[in-house]
Amino acid sequence: MRENVVLVDSNQIAQVGMPQYFRLTRTQIYYLLQVSGWSAVAFREIINYTFFILNRFEWAIAWTFLLSSVYGFLLTHSFRFFIKRSKLFELGLRQVLIAAFVSVIVLALVLGLCSLSVGFILGYSNLNDAISIGYFLGLAMNWIPVTTAWVMAYFLVHILEQNNKIAREKLEALSTARASELELLKKQLNPHFLFNALNSIKALVIIDSTQAREAIVKLSELLRFTLNYEKHPLIPLKAELEEVEKYLTLEIMRFGARLEYNIECEEACSEVLIPPALILTLAENAVKHGISELPDGGLITIRATIHDNTVTIIVTNPVGKMKKPTGGIGLRHVQERMNALLKNPGFILNSSQADNVSASISFTKSEQLHEHTYYYS
């Protein structure tokens, strides 16, 4: 089965509906947020000191916070460089939270040292300030809200990216496994069908060579179908029933009057999509385990209906009184392919009447996986 997987470049942020020249890469967005964020920190502190603490503007204060923001930018950028090369976000949540707490404290302490150095550069800090633990811790404490906001934002982005990466890897692994499983089922189903059809022709060669030639033509058409359906996960129900009718016609050449069939399909569900060879497998099963076991043969009925958006397909065939319904390789393939290609399918095999067995398939029409649909032609 082919999955329509869209891979998004991890270095590109897709902004739907925006012109090409407005689209930024992750790196560009990072630098934009860094510059604007640290500029906002400097601007806020300058406004705070100018209007609420000193009630006047001083260039020394402005340069202090501008230089401190430059230090903050360089420090957090270096910290990002370190984090990107570590495997921190591959650890458990507890370890990540501890690392976030330690990062807040370490960044605040380093920025406190930077603020102290700015004071010496601008000449308003002295040796007493440098050796005062209380003064230094006060500077560091002032940076804790800023470093907390930066670490929370940066760590949250990486945690979300890691979760998305894990989810994407799981989805790709599931898709690969499901595709492999379906390919294996198809490779198993073709020999199963061919074996049954060749058995029918083998019997006809002995009975009637003319009919055997006609049977070979029918078989070639059926083989073309089985070769084509490997390319198409889902096909219309009416296309499937056309192939079923060819198969049953082929079997009538073998069984003669012992085999009769009746196919009924409501117009509303003729275009419903199903896995190819699904009904064909049930028809084969009905012939092999029903008609061929009975001296007088019997009638195989196939009926497809739709009610309240639920499609129901029932294949009924006669069986001997001592015969019980069993699940062979064909029925197992039906169940597994339905589970792989249809959402919430139902499959029931029962013998509600003493001399008949019915296989019932049901699924909701609106729940078909249309994104995996390729029509058979």
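Scroll up a little and you will see the structure.
None of these values were measured; they are calculated from a predicted model.

S.K.: So what's going on with the overall build of the protein chain? Residues and values would help.
M.R.: Helix and strand content of the protein chain: nine helices and seven strands. Across the 377 residues in the protein chain, those meeting the buried criterion constitute 40%. Pairs at least 24 residues apart make up 74% of the contacts formed inside the protein chain by residues separated by at least 6 positions. When the accessible surface of the protein chain is totalled, it reaches about 21,400 Å², and 62% of it is carbon and sulfur.

S.K.: Lay out the state of the cysteines in plain terms, naming residues and giving numbers.
M.R.: Applying the stated rule across the entire model yields zero disulfides. Looking at cysteine 269, it has no disulfide partner, and the nearest cysteine sulfur is the one in cysteine 265, 4.1 Å off.

S.K.: Just give me the short version of the pattern of salt bridges, but keep the residues and values in it.
M.R.: Per the counting criterion, the structure on display carries seven salt bridges. The shortest N-O distance in the salt bridge between glutamate 45 and arginine 44 comes to 2.3 Å. Overall, glutamate 45 belongs to the buried group, its relative accessible area being 16%. Taking relative accessible area as the criterion, arginine 44 reaches 48% and is therefore assigned partly exposed. Among the charged side chains, a network of salt bridges with common partners joins Glu221, Glu243 and Lys246.

S.K.: A description of a nonpolar patch on the surface should follow, citing residues and the corresponding values.
M.R.: Judged by side-chain polarity, Ile98, Phe101, Val102, Ile105, Val106, Leu109, Ile133 and Leu137 come together as a nonpolar surface patch covering roughly 710 Å² of accessible area. Secondary-structure elements contributing two or more residues to the nonpolar patch are α3 (93-122) and α5 (133-207). Element by element, the count of residues in the nonpolar patch is highest for α3, at six residues. On the secondary structure map, phenylalanine 101 appears in helix α3. The class for phenylalanine 101 is exposed, based on a relative accessible area of 57%.

Definitions and cut-offs
- Residues numbered from 1 in each chain as written.
- Predicted model: local features only at pLDDT ≥ 70, side-chain atom pairs only at ≥ 80, totals over all residues.
- Heavy atoms only, no water.
- Helix = DSSP H or I, 4+ residues; strand = E, 2+ residues; numbered from the N terminus.
- Buried < 20%, exposed > 50% of the residue type's maximum accessible area, 1.4 Å probe, protein only.
- Contact = heavy atoms within 4.5 Å.
- Areas by Shrake-Rupley, 256 points an atom, 1.4 Å probe, with all protein chains shown as cover.
- Disulfide = S-S within 2.5 Å.
- Salt bridge = Lys/Arg side-chain N within 4 Å of Asp/Glu carboxyl O.
- Patch = residues over 30% accessible without salt bridge, like charges linked within 9 Å, V, L, I, M, F, W, Y side chains within 5 Å.

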